[in-house]
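One letter stands for each residue in the lines below.
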Amino acid sequence: MFSSYFKTAYRLFKRNKIYGVINLISLCIGMTCVILIYTYVKYELSYDDFFKNANRIYRLEYYSDLRGELNTRYANINQSVNPGSLNSIFGIEKNVRFAPLPDVFAEANGQKIAESDFWAANPSFFTLFDFPLLEGNRNSVLAQPNSIVLTQKTAQKYFGNTRALGRTLNITFQDKSTTLTVTGVTDLPPNTHLHFDAIASKSLTETLYNSKLSEIYLGYNYLQLTKGQHPDAIEKQLHEINKVDYRLKPLTDIHLLSNVRAEISPNSDIRYIYFLSAIAIILLVIASINFTSLSTAQALRRYKEAGIRKVMGADKRQLITQFLFEAIMLSLMALAVSYIVIYYALPSLNLLTGNYQFTFPDFFNLTSIILFILTAVLMGILAGLYPAFLLSAFQPIKTLKQVSPSGKKGTAIWKSIVVIQFAASIAMIICTVTIYRQLHYVQSKDLGFNKERIITVTNTQGDRYAPLKSRLQSLASVEDVSVSSYIPGISKTSGTALVQIAYSSDSLTFNWISVDYDFFDTYGIKLKEGRTFSEEYGTDSTQAFMLNETAVKALGWESPLGKELNAFNRNGTVIGVTQNFNFLSLYQNYSPIIYLIDESLFFNFSIKIAPSNTISNALSQIKETWATMLPNSPFEYQFVDEQFDALYKNDQQMGTMFALFATLALFIACLGLFSLSSFMAINKRKEVSIRKVLGATVTDILLSLYKNYGKLIITACLIATPVSYLFLRNWLQQFAFKITISFWVFLIAIAAILCIAIVTVSYESIKAATANPVNMLKTE
């Protein structure tokens, strides 16, 4: 019996190649996109959930004590609000504090490399975060001073494929250095927000920075609560002890539900997950609907076949089984083709997914295969049920008399289907265009500082930087040189400092930047009032501060010049105010900034290349000068504009993915419209023939058909417009600086859809309008 079903299905596919291929393509695109999105979303939702006690681990965060709308949440805890010992607080089972080690050099086997992701942590790091250890004992790897745990990638970089355990690594910061012993090697899963290259014991902060780990300004605190303990109770205890507004962020929420200051690594956004999931559902529904509509349109051409089968003795159950079998087989075939497409499209897919590179086994695991086989079978059943029952219900005497089945009810259903399909497509087009416009705005907005043609290099000389800076400034290819603690727009954090107003009990938390005299000229930061730091004033390096506009607003001052402040254990006078600029990414609003001069905090050189020189020539001169002045320090640089653009890499990838899926959704919707035009052409051929006999021209008939389709598209627009507007308004709220949602985007999307729809339905419409009416009416 099943062999006859196979033969019938094969002959049907061979006889109706166009409809068979369209059905297969529609299903294949839908299933491929669903498999890709499902795997990606599953990966994004898995961030940090592999830790044994992930549901009990929280990050300690705090709100800075700014005024009104300026309150800001921080992922790190600075010295001024460090809660001290957490072991005494009831409900905390474990706690760990770690801090990044900025601007250090690591050396082993003759290799000296600038490292930006080395951390120092207390001994409980690997007991709270149970990363797999390839070498070493997790209970003791950080117990001894001068010990360090490397990631597998870092260990291979310095020691090749040899065993790293027991080997030594020399760590240098400016004029201080120490030797660390490798006590462990770990392997970091890609789905964690804790990205580091090495973790050193806490003693390293004292050696390099003269500060205990508990005192270092920019440290992170993570807590593991006892079973059943609610985080609200911990927050209350912390507030009562420290009088600081602490919050606990669940570990597994950080990647998708957090966007606070000083994040360890760029996070994603749960709204992207919702949107991608919605796209997957929409694509699957559209593909299923197309499958059903094409199957039904094709089935209506087989009503004579159904009549003959009934006359030959086939019962209703056999007819239903035949049509369901055909639908299920086509659905499973589409699934198989989808996996072939994924296999060959994987390199292109990995260009969009960021840090994690998918492999084919990620899509071909047993759970996923069973899930998608069941999905394909269900799609086949749903797609085959309607035409199966429709054809099995025909009366043989009518089908053999060539009487076409009535399609009024079916036409209403298909019109609704097309409206849904195109509403989804229009909404996706509008959203994609707006997302791209926002990303372009972010990358082209005037940031309030210049980021072009500037490279940054780690300052290895500490407060002995002056000879190197002078030599670099003398180069014809260099326009300006500055030394500072942080770099605008790209530093992972700006540092926070407690600012005390003179003769007042008021104190506020500001971002701070330690700068030299050339900082504002190098970055083109404009002055609003007062003056910048100058070597002409001997007290500027010890008794002067500058503020930005937001800091002045936070202080509530109308005339800030000459006002006195205390910060960094120094009393000083405000000498100038700069205009606001985006020190951090455009996700955050302008933050209050206090500027000072402290040579011990000059971590980075900023070198501005003269516009009269080529980049390659300038870099060659700078590198040669660097090698002459500092033969033992490698010259490793980064462009400020490239690093700034990298802040929005995830958004760019999401925008590309949305554009891709929107295009595919539109393509599938066009296939659906093609099936509708085919279905309606069958049902309207008598009407069209009568109209032609009564004198209607081909143009009249085409306009009548296009008018029907136009109404469907307009209805889809009325549905899609408010839905896409609400989504975009919500999405744009995450940006402190954003575009307005333009009405012309909606008009362009609607116009594009109308044009595409007209082209899509023209084939069947012209075919119906130009057919000979005699061939249709002679059977009546």
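Located above this text is the structure these notes cover.
What counts as what
- Residues numbered from 1 in each chain as written.
- Predicted model: local features only at pLDDT ≥ 70, side-chain atom pairs only at ≥ 80, totals over all residues.
- Heavy atoms only, no water.
- Helix = DSSP H or I, 4+ residues; strand = E, 2+ residues; numbered from the N terminus.
- Buried < 20%, exposed > 50% of the residue type's maximum accessible area, 1.4 Å probe, protein only.
- Contact = heavy atoms within 4.5 Å.
- Areas by Shrake-Rupley, 256 points an atom, 1.4 Å probe, with all protein chains shown as cover.
- Polar contact = N/O pair within 3.5 Å; in protein donor to acceptor, adjacent residues only side chain to side chain.
- Pairing = 2+ DSSP bridges.
- Expected span 1.5 Å × (residues − 1).
- Bend = angle between axes of the 7 residues up to and from the residue.
- Axes fitted to C-alpha atoms, helices over the stretch in contact; angles between N-to-C directions.
- Core = buried A, V, L, I, M, F, W, Y, C linked by side-chain atoms within 4.5 Å.
- Parallel < 35°, antiparallel > 145°, perpendicular 65-115°, else oblique.
- Left-handed = near helix turned anticlockwise from the far one by under 90°.
- Nonpolar A, V, L, I, M, F, W, Y, C, P; charged D, E, K, R; others polar.
- Phe/Tyr/Trp six-rings, centres within 6.5 Å; stacked < 30°, edge-to-face > 60°.

1. Some points on the overall build of the protein
Thought 1: Counting its secondary structure elements, the protein contains 24 helices and 24 strands.
Thought 2: Within the protein, the proportion of its 780 residues that are buried is 55%.
Thought 3: Taking contacts inside the protein between residues at least 6 apart in sequence as the whole, the part at least 24 apart equals 81%.
Thought 4: Accessible surface, the protein: about 33,800 Å² in total, of which carbon and sulfur atoms supply 57%.

2. Notes on the environment of Lys 563
Thought 1: Mapped onto the elements of the fold, Lys 563 is located in the loop between helix H18 (549–555) and strand S20 (564–567).
Thought 2: In sequence terms Lys 563 and Phe 545 are 18 residues apart; their C-alpha atoms lie 9.7 Å from each other.
Thought 3: What Lys 563 contacts, discounting residues up to four positions off in sequence, is Trp 557, Gly 572, Thr 573 and Val 574.
Thought 4: Here the side chain of Lys 563 touches Ser 559 through a polar contact of 3.4 Å, landing on its backbone oxygen.

3. Some remarks on the pairing of strand S11 (residues 198–201)
For a regular strand, side-chain orientation follows a simple rule: the groups alternate between the two sheet faces.
Thought 1: Bridge count between strand S6 (residues 118–121) and S11: 4 bridges; the pairing is parallel. Bridge pairing links Phe 118 to Ala 198 in S11.
Thought 2: Alignment of strand S8 (residues 147–151) against S11, held across 3 bridges, turns out to be antiparallel. Looking at the pairing, Leu 150 lines up with Ala 198 of S11.

4. Concerning helix H22 (residues 698–732)
Thought 1: With 35 residues, H22 extends 48 Å between its outermost C-alpha atoms, agreeing within 8% with the 51 Å of an ideal straight helix rising 1.5 Å per residue.
Thought 2: If you look at H22, its biggest bend is around 25 degrees, right at Ala 720, and the proline Pro 722 turns up within four residues after that.

5. So, unusual backbone geometry
Thought 1: Residues other than glycine seldom take positive phi values, yet Asn 146 does so here, at roughly 60 degrees.
Thought 2: Here Asn 146 lies in the loop between strand S7 (133–135) and S8.
Thought 3: A relative accessible area of 30% places Asn 146 in the partly exposed class.

6. Details of the sheet that holds strand S14 (residues 454–458)
Thought 1: Sheet architecture is open: 4 strands sit in the order S15-S23-S14-S24, paired in antiparallel fashion. Strands at the two margins of the open sheet, each flanked by one partner only, are strand S15 (478–484) and strand S24 (637–639). Strand after strand, the sheet turns through a mean of 25 degrees between neighbouring axes, direction not considered.
Thought 2: Judged from the 6 bridges that link them, S15 and strand S23 (residues 604–609) form a sheet pairing that is antiparallel.

7. Brief notes about the nonpolar core
Generally speaking, a soluble globular protein has its nonpolar side chains buried in company with each other.
Thought 1: Counting residues in each nonpolar core, the largest one holds 180 residues, and the members touching the most others are Leu 169, Leu 276, Leu 547, Leu 565 and Phe 605.
Thought 2: Counting residues per element, this core draws most heavily on helix H14 (residues 408–444), which supplies 14 residues.
Thought 3: Once residues within four sequence positions are removed from consideration, Leu 169 is found in contact with Ala 106, Glu 107, Ala 108, Phe 118, Ile 148, Leu 150, Tyr 158, Phe 159, Thr 178, Thr 179 and Leu 180.
Thought 4: If you look at the next biggest cluster of nonpolar residues, it comprises 27 residues, including Ile 57, Val 96, Tyr 220 and Leu 251.

8. Quick notes on the packing of helix H15 (residues 466–473) against helix H19 (residues 615–629)
Two measures define how a pair of helices packs: the angle their axes make with one another and the distance between the axes.
Thought 1: In the contact formed by H15 and H19, the axes pass within 10 Å of each other and the chain directions differ by 150 degrees. The pairing of H15 with H19 is recorded here as roughly antiparallel in orientation. As for the relative orientation of H15 and H19, their crossing is right-handed in sense. Here Pro 467, Leu 468, Arg 471 and Leu 472 of H15 lie close against H19, whose contacting residues are Ile 622, Thr 625, Trp 626, Thr 628 and Met 629.
Thought 2: Across the contact of H15 with H19, the residue classes break down as 6 nonpolar, 2 polar and 1 charged.

9. Let's talk about the packing of aromatic side chains
Thought 1: Within the structure shown, the criterion is met by 44 aromatic pairs.
Thought 2: Taking the centre distance of 5.7 Å and the plane angle of 80 degrees together, the rings of Phe 131 and Phe 196 count as edge-to-face. Of this pair, Phe 131 sits in the loop between helix H3 (125–128) and S7 while Phe 196 sits in the loop between strand S10 (176–186) and S11; the two residues are 65 residues apart in sequence, bridging distant segments of the chain. Note on accessibility: Phe 131 and Phe 196 belong to one class, buried.
Thought 3: Their ring planes at 85 degrees and their centres at 5.8 Å tell us that Tyr 637 and Phe 639 sit as a pair that is edge-to-face.

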